[in-house]
Amino acid sequence: MAMWLAVLLIILGIIGGAVLGFFGARRYMKNYFRDNPPVNEDMLRSMMMQMGQKPSEKKLHQMLAAMRQQEDTK
């Protein structure tokens, strides 16, 4: 086998592995964040209380719905 062909195959293998690794990691992270959202109702309630607001249930649900809708549009 010619030396240039071996180098070419190695380079193509590295590029292919990087592309497949990127998309695999991207898919894994999307599934992870869908199953384990980074912000939940308790965290949002504590953040609002730290900012000096008294969060009502309606306002909490509105903010969570807005955050989920923004995630879905991405």
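Above this text sits the structure in question.
These numbers come from a predicted model, not from an experiment.

Enquirer: Teacher, can you tell me more about the overall build of the protein here?
Expert: In terms of regular secondary structure, the protein is built from three helices and zero strands. For a compact globule of 74 residues, the expected C-alpha radius of gyration is about 11 Å, and the protein comes in at 23 Å, more than 25% above that figure. Taking the principal axes of the C-alpha coordinates as reference, the protein spans close to 75 × 20 × 15 Å. By the burial criterion, 7% of the 74 residues in the protein qualify as buried. Accessible area of the protein: about 6,600 Å², with a carbon and sulfur share of 65%.

Enquirer: When you look at a nonpolar patch on the surface in this model, what are you seeing that I'm missing?
Expert: Taken together, the side chains of Met 3, Val 7, Ile 11, Ile 15, Val 19, Phe 22 and Phe 23 define a hydrophobic patch exposed on the protein surface, amounting to about 700 Å² of accessible area. Position of Val 19 relative to the elements: it lies in helix H1 (residues 3–35). Accessibility expressed as a relative area gives 41% for Val 19, which makes it partly exposed.

Enquirer: Explain the packing of aromatic side chains to me, please; I cannot follow it from the model alone.
Expert: Within a pair of aromatic rings, the relevant descriptors are the distance that separates the centres and the angle that separates the planes. Under the criterion given, the structure shown has three aromatic pairs. Geometrically, the ring pair formed by Phe 22 and Phe 23 is edge-to-face, given 5.1 Å between the ring centres and 75° between the ring planes. You can call Phe 22 exposed: its relative accessible area is 51%. Relative to Phe 33, the ring of Tyr 32 lies with its centre 5.6 Å away and its plane at 70°, an arrangement referred to as edge-to-face. Grouping aromatic residues by their ring pairs yields a cluster made of Tyr 28, Tyr 32 and Phe 33.

Enquirer: What should I look at first to understand the packing of helix H2 (residues 41–50) against helix H3 (residues 57–73) in this one?
Expert: Angle between the axes and distance between the axes are the two parameters that describe a pair of packed helices. Packing of H2 against H3 brings their axes to within 10 Å, and their N-to-C directions diverge by 115°. For the pair H2 and H3, the crossing hand works out as right-handed. The residues of H3 that touch H2, namely those facing Glu 41, Leu 44, Arg 45 and Met 48, are Glu 57, Lys 59, Leu 60, His 61, Met 63 and Leu 64. Of the residues contributing to the contact of H2 with H3, the split by class is five nonpolar, one polar and four charged.

Enquirer: Looking at this structure, how should I read the pattern of salt bridges?
Expert: Between side chains of opposite charge, a pair can form when the charged atoms approach closely. Per the stated rule, a full pass over the model turns up four salt bridges. The salt bridge involving Arg 34 is made with Asp 35; its shortest N-O contact spans 3.8 Å. Owing to a relative accessible area of 52%, Asp 35 belongs among the exposed residues under this scheme. A salt bridge links Arg 45 to Asp 42; its shortest N-O distance comes to 3.5 Å. Here Arg 45 and its partner Asp 42 are both found in helix H2, three residues apart, which amounts to about one turn of the helix. Salt bridges sharing partners connect three or more residues here, namely Glu 41, Asp 42, Arg 45 and Glu 57.

Cut-offs used in this document
Residues numbered from 1 in each chain as written. Predicted model: local features only at pLDDT ≥ 70, side-chain atom pairs only at ≥ 80, totals over all residues. Heavy atoms only, no water. Helix = DSSP H or I, 4+ residues; strand = E, 2+ residues; numbered from the N terminus. Rg over C-alpha atoms; globule rule 2.2 N^0.38 Å. Buried < 20%, exposed > 50% of the residue type's maximum accessible area, 1.4 Å probe, protein only. Areas by Shrake-Rupley, 256 points an atom, 1.4 Å probe, with all protein chains shown as cover. Patch = residues over 30% accessible without salt bridge, like charges linked within 9 Å, V, L, I, M, F, W, Y side chains within 5 Å. Salt bridge = Lys/Arg side-chain N within 4 Å of Asp/Glu carboxyl O. Phe/Tyr/Trp six-rings, centres within 6.5 Å; stacked < 30°, edge-to-face > 60°. Axes fitted to C-alpha atoms, helices over the stretch in contact; angles between N-to-C directions. Left-handed = near helix turned anticlockwise from the far one by under 90°. Contact = heavy atoms within 4.5 Å. Nonpolar A, V, L, I, M, F, W, Y, C, P; charged D, E, K, R; others polar.

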